[in-house]
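These are the residues of each chain, in order.
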Amino acid sequence: MREPQTSVELTDFRRCVHDLYRAVRDGGESPEAAWSRWRAGRDELFLSHPQSALSVDERTSFSGLSYFPHDPALRFTVAVEPVDQRSFGIGHSGEGVTAFRRIGAVEVPFAAGSRRLSVYWLEGYGGGLFLPFRDATSGESTYGGGRYLLDTVKGADLGTEDGRLVLDFNYAYHPSCVYSDRWSCPLAPPENHLDIEVRAGERLSRPDRR
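Residues numbered from 1 in each chain as written. Predicted model: local features only at pLDDT ≥ 70, side-chain atom pairs only at ≥ 80, totals over all residues. Heavy atoms only, no water.

If you look at the biggest cluster of nonpolar residues, it comprises 34 residues, and the most contacted ones within it are Tyr21, Trp38, Phe46, Tyr171 and Tyr179. Among all residues touching Trp38, those that are not within four sequence positions of it are Leu20, Tyr21, Val24, Tyr67, Asn170, Tyr171, Ala172 and Tyr173. In terms of nonpolar packing, the next biggest core, distinct from the first, is built from 20 residues, Leu149, Leu165, Phe169 and Ala172 among them. (Core = buried A, V, L, I, M, F, W, Y, C linked by side-chain atoms within 4.5 Å. Buried < 20%, exposed > 50% of the residue type's maximum accessible area, 1.4 Å probe, protein only. Contact = heavy atoms within 4.5 Å.)

What follows is the structure in structure tokens.
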């Protein structure tokens with residue numbers, strides 16, 4: 001059973017993430033400057049917040065998360081297309097399954113050609129959009145279970161433009177289970193496995209995290 005203080009700390013962590021993404025959306029900065037702000041904010045949360053995925057010992061040597069160089073060509077605005085909606089459970093890195101509903105799909109116009117990704121709605125606590133993906137870097141320079149692009153219930157949300165989702169792969173990030181077995185995180189389902197490399201966003205700084 002979760003201790004009351006842990007729940008308060010987790011709520012504050014999510015509030016901080018919401019605030020960070022809001023600053024990125026509303027700050028009026030250049031895309032690369034906004035991305036740098038996001039990186040700095042995430043580093044601060046990993047370094048100092050009680051709900052950091054890093055242990056206290058790991059924080060003493062923490063020098064920042066690792067990322068691919070910023071690539072402005074990997075920012076897209078895409079329409080969510082209707083699909084035959086269905087509910088199913090997405091398996092975790094550890095124990096557990098989380099219930100989601102596939103609510104739509106997006107066609108992402110990568111330089112290597114368009115690729116289709118499903119967009120999900122969290123059916124459990126809080127609701128919210130969820131978009132995980134795995135690509136050809138997974139298991140090598142990024143986590144084998146994939147990365148997250150949207151997780152709106154936890155604040156990871158770049159918003160919309162004219163009703164179209166903003167998908168900026170420079171903001172792709174690893175789930176917390178990459179850093180600690182204390183966390184069990186939903187993994188990208190097979191329909192969101194890409195056959196191309198997405199060399200943007202967070203990457204592994206340690207090979208044993210693959």
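After that view, the rundown keeps rolling.
This part takes up the side chain of Arg59. Along the chain, Arg59 falls in helix α3 (residues 56-59). Buried within the structure, Arg59 lacks any salt-bridge partner; its nearest side chain of opposite charge belongs to Glu58, at an N-O separation of 7.3 Å. Those residues in contact with Arg59, other than ones at most four positions away along the chain, are Phe46, Leu47, Ser48, His49, Pro50, Ser52 and Leu54. (Helix = DSSP H or I, 4+ residues; strand = E, 2+ residues; numbered from the N terminus. Lys, Arg positive; Asp, Glu negative; His and termini not counted. Salt bridge = Lys/Arg side-chain N within 4 Å of Asp/Glu carboxyl O.)

Here we come to the sheet that holds strand β4 (residues 97-110). Strand order in this open sheet of 5 strands is β3-β4-β5-β6-β7, and the pairing throughout is antiparallel. Looking at the sheet topology across the chains shown, the edges are occupied by β3 (86-91) and β7 (147-151). Across this sheet, the average inter-strand angle for adjacent strands is 40°, counted without regard to direction. Pairing between β3 and β4: 6 bridges, direction antiparallel. Residue pairing in the sheet places Phe88 in a bridge with Phe100 of β4. (Pairing = 2+ DSSP bridges. Axes fitted to C-alpha atoms, helices over the stretch in contact; angles between N-to-C directions.)

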